[in-house]
Amino acid sequence: MIGSLCAMKEFHDDSAPAAWAALGPLMDLVTPMALRVAATLRIADLIDDDAVGVDALAERSGTDADALARLLRHLVAHGVFAEPEPGRFSAGGPARFLRSDHPAGMHASLDLDGFGGQMDLAFTGLLHTVRTGEPAWETVFGKPFWQYLADEPHIGAAFDATMATGPEYFADAAAGYDWTNATHVVDVGGGIGALLAEVLNKNHGLRATLVDLPDTVRRGGRYLAERGMAGRCEFAGQSFFDPLPTGGDIYLLSHVVHDWSDDEAVAILRRCAEAAGEHGRVLIIEGPGTANADPAAFAEMNLRMLVLAGGRQRELDDYRALAGASGLRVTDTRTTPLGHDVIECVTARE
Ligand SMILES: C[S@@+](CC[C@H](N)C(=O)[O-])C[C@H]1O[C@@H](n2cnc3c(N)ncnc32)[C@H](O)[C@@H]1O
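So, here's what we can say about the structure. The numbers attached to residues start from 1 for each chain and follow its sequence in the written order. Only residues with pLDDT of 70 or above have their local features reported here, since the model is predicted, and side-chain atom pairs are shown and tallied only from 80 upward, although totals for entire chains, interfaces and linings are computed over all residues.

1. Some points on the nonpolar core
Each nonpolar core comprises buried Ala, Val, Leu, Ile, Met, Phe, Trp, Tyr and Cys residues, the members being joined through C-beta atoms within 7 Å. Between the buried cut of 20 or more and the exposed cut of 12 or fewer other C-beta atoms within 10 Å of a residue's own C-beta lies the partly exposed class, and all C-beta atoms are placed from the backbone. Counting residues in each nonpolar core, the largest one holds 50 residues, and the members touching the most others are V188, Y251, L253, L269, C272 and V282. If sequence neighbours within four positions are ignored, L269 has contacts with V282, L322, A323, S326 and L328. Core analysis: the next-biggest nonpolar cluster, separate from the first, contains 22 residues, I43, A44, A69 and F89 among them. We call two residues in contact if the C-beta atoms placed from their backbones are at most 7 Å apart.

2. Some remarks on the environment of F145
With respect to the secondary-structure elements, F145 resides in helix α11 (residues 145–151). When sequence neighbours within four positions are dropped, the list of residues in contact with F145 reads P135, W137, L308 and A309. Only DSSP runs of H or I reaching four residues or more are called helices, and only runs of E reaching two or more are called strands; each is numbered from the N terminus.

3. Focus on the environment of H128
Mapped onto the fold, H128 is located in helix α9 (residues 126–132). Using a count of 16 C-beta atoms within 10 Å as the deciding quantity, one classes H128 as partly exposed. Through-space distance from the C-alpha of H128 to that of V307 is 9.2 Å; in sequence the pair is 179 residues apart. Beyond its immediate sequence surroundings of up to four residues, H128 is in contact with E134, A136 and T139.

4. Considerations on the sheet that holds strand β6 (residues 233–237)
Think of a sheet as strands paired side by side through backbone hydrogen bonds, with each pair either parallel or antiparallel. By the convention used here, strands pair only if DSSP detects at least 2 bridges between them. Pairing in this open sheet of seven strands is mixed, and the strands run β6-β5-β4-β7-β8-β10-β9 from one edge to the other. Whereas interior strands pair on both sides, the edge strands pair on one side only; in this sheet they are β6 and β9 (328–335). Going across the sheet, the axis of each strand differs from the next one's by a mean of 20°, ignoring polarity. Axes here mean lines fitted to C-alpha atoms, for a helix over just the part in contact, with angles spanning 0 to 180 degrees between N-to-C directions. Packing against the sheet, helix α18 (residues 316–325) makes contact with β8 (281–286), β9 and β10 (341–347), and its axis sits at approximately 155° to β9.

5. Some details on the sheet that holds strand β2 (residues 82–85)
Spatial strand order, β1-β3-β2: three strands in an open sheet with antiparallel pairing. Lying at the two open borders of the sheet, with one neighbouring strand each, are β1 (52–53) and β2. Bridging between β1 and strand β3 (residues 88–90) involves two bridges; their strand directions are antiparallel. Its bridge partner lying in β3, G53 is registered against R88.

6. Comments concerning the pairing of strand β4 (residues 184–188)
Extensive coverage of β4 is indicated by the burial of four of its five residues. Relative to strand β5 (residues 207–212), β4 runs parallel, the two being bridged by five bridges. Directly across from D187, in β5, lies its bridge partner L210. In this view, the connection linking β4 to its parallel neighbour β5 by way of helix α14 (residues 194–202) has right-handed handedness. The sheet contact formed by β4 and strand β7 (residues 250–254) spans three bridges and is parallel. Along β7, the bridge assignment pairs D187 with L252. Classification remark: right-handed applies to a crossover when, strands pointing away from the viewer, the course from the first strand over the helix to the second runs clockwise.

Nothing here speaks to function; it is all geometry.
Here it is, written out as structure tokens:
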């Protein structure tokens, strides 16, 4: 009741302060960019335990001292860095999360020279996306998303590493399906194999084939070898729009279908259906959840997929329709504790 009264009051208040109170927190580009610039310049790495003077910091970071001081004071005002004495800055508070070796990985998410920062910069092209329905990535970076990753190996490697973070999520996704009757899982668009490693680790009788673009599969070979699993894996560096390796009984598509438009998703699913044959299964894993379960996460991911690569976030009924258009039929769906949708399909003849 109180909430709805407040909403009505805001709705009827057309003053400038009310407008700023409602939209101001959503409008600011200064602070998000300031944070990213501080991360990119590794300012938190350059500050020792004690506060460091701005001239020394400017020299260490190759920046202009006056501009750097203004940047840091803005972030001091937001509680990220501190200025214990005029012109000297410390990084003991939240700024420590920006250190490049901090396990939370915030630096990688914010670094404008890396994948995380570039993904955010793609949103400078959002107007183009909304006007045209096309992904903004190509407008901002000059090439389509997947082409850019292939042509910029350090960004491609950073993308693969980003996809492989969050062990809790892989454990949750792997536990969302009963693998006991499977013998050979083909992970299609499997990245460097982080989910595959979790599945193999929990299911000792399983073998696997990792399918992804050639550079990613090479990185996947190293990743799985480091975990002692390369002997149970085959590797196929190829496009999933081409015929897939046969012989698997599960064709896994984890966080792949949402990267693509309906037509492209159907093309990938058809390749899986064709390779799975009459007795195989196609397993789609997507997240985060459905629009009902987490509307904010769903809406953000839906926009993100469009801006980056022209994909979309989908509801279970959308997956049923895609499966139907691909010669598949959904036989089981479940949602895991962390909000993954696990959708099992078989060929429609079965
Ligand atoms: C969002 S990632 C998902 C990675 C992994 N399955 C996971 O759940 O973390 C999508 C994957 O699709 C791969 N990919 C993109 N285009 C591809 C293509 N044409 N053929 C094969 N793989 C492709 C990317 O390299 C990337 O590893």
